[in-house]
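# Structural overview
As a plain string of letters, each chain reads:
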Amino acid sequence: MIYSVPLGVACLLTIWFCYWLTSVFRSLSNPSCRVAIFVFPVLSAAVLILFPDLGLEAIGNFFQSLSLPGGRQIPALTTALTILLVAPTLLITTLVAQLNIGKPAKSR
């Protein structure tokens, strides 16, 4: 559970960054993409907390082996976790946008 705080911060940073990025690219600003941005990092973080052997322990061991100055390991871990969550979130969001492009428009 020691990783839950950096993972929670990384999850919030991922949501903020991806939400900001969808406002830049019009193809990603539809409601389905916005839902994916909020749901996917939270689900990924929940899976990593429930099953820490999937990656958290390996990342934690890697950062413990580095000779970072005192107090720098948690920010470095948070940054690594943010990058780890941003990449698949953007891939899922792009996939959702591509699926929405193929849908016919709703008639009013």
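Right above here is the structure, for reference.
Reading guide: rules and limits
- Along each chain, residues carry numbers from 1 onward, in the same order as the chain's sequence is written.
- Local features in this predicted model are restricted to residues of pLDDT 70 or higher, and side-chain atom pairs are both shown and tallied only at a pLDDT of 80 or more, whereas totals for entire chains, interfaces and linings draw on every residue.
- As a rule here, side-chain values cover all heavy atoms of the structure and leave hydrogens and water aside.
- Here a helix means four or more residues in a row that DSSP labels H or I, a strand means two or more in a row labelled E, and each is numbered from the N terminus.
- One less than the number of residues in a helix, times 1.5 Å, gives the span that helix is expected to have.
- Summary of the burial criterion: residues with accessible area below 20% of their type's maximum are buried, those above 50% are exposed, and those between are partly exposed, where the area comes from a 1.4 Å probe applied to protein chains only.
- Here a residue-residue contact requires only that any non-hydrogen atoms of the pair lie within 4.5 Å.
- Buried Ala, Val, Leu, Ile, Met, Phe, Trp, Tyr and Cys residues form a nonpolar core when they are joined through side-chain atoms within 4.5 Å.

Looking now at helix α1 (residues 4-24). The end-to-end C-alpha distance of α1, which contains 21 residues, comes to 30 Å, matching closely the 30 Å that a straight helix rising 1.5 Å per residue would cover. Looking at α1, one finds that the buried residues are Pro-6, Leu-7, Ala-10, Cys-11, Thr-14, Ile-15, Cys-18, Leu-21 and Thr-22. In this fold, the buried residues of α1 make contact with α2 (31-50), α3 (56-65) and α4 (73-101).

Moving on, we get to the nonpolar core. By size, the foremost hydrophobic cluster in this structure holds 13 residues, and its most contacted members are Leu-7, Cys-11, Leu-56, Ile-59, Leu-77, Leu-81 and Leu-85. Elements represented by at least two residues in this core include exactly α1, α2, α3 and α4. In terms of nonpolar packing, the next biggest core, distinct from the first, is built from five residues, Cys-33, Ala-36, Val-96 and Ala-97 among them.

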